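What follows is each chain in one-letter form.
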Amino acid sequence: MMDYISTTEPALKSLLDSARQAAQQAYSPYSGFRVGAALRLTNGEIVTGANVENVSYGLTICAERSALVRAVSQFGPDIRVEAVAIANLNDAPSPPCGACRQVLAEFILPDAPVVFPAADGDRTMTFRELLPLAFEMKLK
Ligand code: ZN
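The shown structure was predicted, so the numbers you read here are calculated from the model rather than taken from an experiment.

1. Some thoughts on the overall build of the protein chain
Here is step 1: In terms of helices and strands, the protein chain carries four helices and five strands.
Here is step 2: Beginning at the N terminus, the succession of helices and strands in the protein chain can be written as α-β-β-α-β-α-β-β-α.
Here is step 3: For the protein chain, whose C-alpha radius of gyration is 14 Å, the value lies close to the compact-globule estimate of 14 Å for 140 residues.
Here is step 4: For the protein chain, the C-alpha atoms occupy an extent of roughly 45 × 35 × 30 Å along the three principal directions.
Here is step 5: Each of the 140 residues in the protein chain was classed as buried or not, and the buried ones make up 41%.
Here is step 6: Contacts spanning at least 24 positions in sequence make up 61% of the contacts within the protein chain whose residues lie at least 6 apart.
Here is step 7: Surface summary for the protein chain: the accessible area is close to 7,900 Å², and the carbon and sulfur share equals 55%.
Here is step 8: Charge centroids of the protein chain, computed over 12 positive and 15 negative side chains, lie 3 Å from each other.

2. Some thoughts on the pattern of salt bridges
In a structure, side chains of opposite charge can pair up when their charged atoms sit close to one another.
Here is step 1: Per the stated rule, a full pass over the model turns up six salt bridges.
Here is step 2: Ionic pairing is found between Arg128 and Asp111, a salt bridge with its closest N-O pair at 3.0 Å. Within this pair, whereas Arg128 is found in helix 4 (residues 127-130), its partner Asp111 is found in the loop between helix 3 (98-105) and strand 4 (113-118), the two being separated by 17 residues in sequence.
Here is step 3: In this structure Arg128 comes out as partly exposed when scored by relative accessible area, which is 44%.
Here is step 4: Between Lys138 and Glu136 there is a salt bridge, with its nearest N and O atoms 3.3 Å apart. We note that Lys138, like Glu136, is exposed.

3. Let's talk about the pairing of strand 4
The side chains of a regular strand alternate, residue by residue, between the two faces of the sheet.
Here is step 1: Within strand 4, six of the six residues are buried, leaving the element largely enclosed by the surrounding structure.
Here is step 2: Along strand 4, one buried face is formed by Pro113, Val115 and Pro117 and the opposite face, lined by Val114, Phe116 and Ala118, is buried too.
Here is step 3: Inspection of the sheet shows strand 3 (residues 81-88) paired to strand 4 by two bridges, in the parallel sense. Its bridge partner being in strand 4, Val84 is matched across the sheet by Val114.
Here is step 4: Handedness of the crossover joining strand 3 and strand 4 through helix 3: right-handed.
Here is step 5: Joining the antiparallel neighbours strand 4 and strand 5 (residues 121-126) is a turn of two residues.

4. A word on the coordination of the zinc ion
Each angle at a metal carrying four tetrahedral donors should ideally be 109.5 degrees, and each at a metal carrying six octahedral donors should ideally be 90 or 180 degrees.
Here is step 1: Surrounding the zinc ion are the protein donor atoms Cys62 (SG), Cys97 (SG) and Cys100 (SG), which sit 2.3 Å from the metal.
Here is step 2: You can call Cys100 buried: its relative accessible area is 0%.

About the criteria used
- What you see as residue numbers is a count from 1 along each chain, following the sequence as written.
- With pLDDT at 70 or above as the cut-off, local features in this predicted model cover only qualifying residues; side-chain atom pairs require 80 or more to be listed or tallied, and sums for whole chains, interfaces and linings still use all residues.
- Side-chain descriptors were evaluated using all non-hydrogen atoms of the structure, hydrogens and water having been removed beforehand.
- The way it works is that DSSP assigns letters per residue, a run of H or I at least four long becomes a helix, a run of E at least two long becomes a strand, and they are numbered from the N terminus.
- What the globule rule says is 2.2 Å times the number of residues to the power 0.38, and the radius of gyration is computed from C-alpha atoms.
- When accessible area is computed with a 1.4 Å probe and restricted to protein chains, residues below 20% of their type maximum are described as buried, those above 50% as exposed, and intermediate ones as partly exposed.
- Should any heavy atoms of two residues lie within 4.5 Å, those residues are considered in contact.
- Areas reported here follow the Shrake-Rupley algorithm with a probe of radius 1.4 Å; residue values treat only the protein chains shown as occluding.
- Positive charges come from Lys and Arg, negative ones from Asp and Glu, while His and the chain ends are left out of the count.
- By convention, the charge on Lys lies at NZ, on Arg at CZ, on Asp at CG and on Glu at CD.
- A pair is scored as a salt bridge if a Lys or Arg side-chain nitrogen falls within 4 Å of a carboxyl oxygen belonging to Asp or Glu.
- A pair of strands counts as paired when DSSP detects no fewer than two bridges linking them.
- Think of it like this: strands point away, you trace from the first strand over the helix to the second, and a clockwise trace means the crossover is right-handed.
- Atoms of type N, O and S within 2.8 Å of a metal are treated as its donors, and for Na, K and Ca the window is 3.2 Å; water is not considered, so some sites may appear to be missing partners.

As structure tokens, this is what we get:
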């Protein structure tokens, strides 16, 4: 079931503004796709990231992972993400890719809203909806 949360919520709107600002820092000489992500942590901090491409393509890091690595580096491994906003400067749909969803799963609250550009405008879904079956390590 899709659970849309309004992006008119002021806190999410301001998080989206932070993501748009972060996209200005993107390093994307190969694709020209400029993406920014903003994470709101449960400690109240906002951490942003931009995509950083690489000539080998496969080593490119997305804005979402860029922001997450920065958040852990800055605030330590106990951080929890309570909201995510993603924006790009290309007016293109850009939901978080599969790799970023799995990496976010490590630190995000299941009900955290994730705002991203969709074909029909900005869309908000909970993280649980975006990645219902995240990989988990459960050894017997
Ligand atoms: Zn990604």
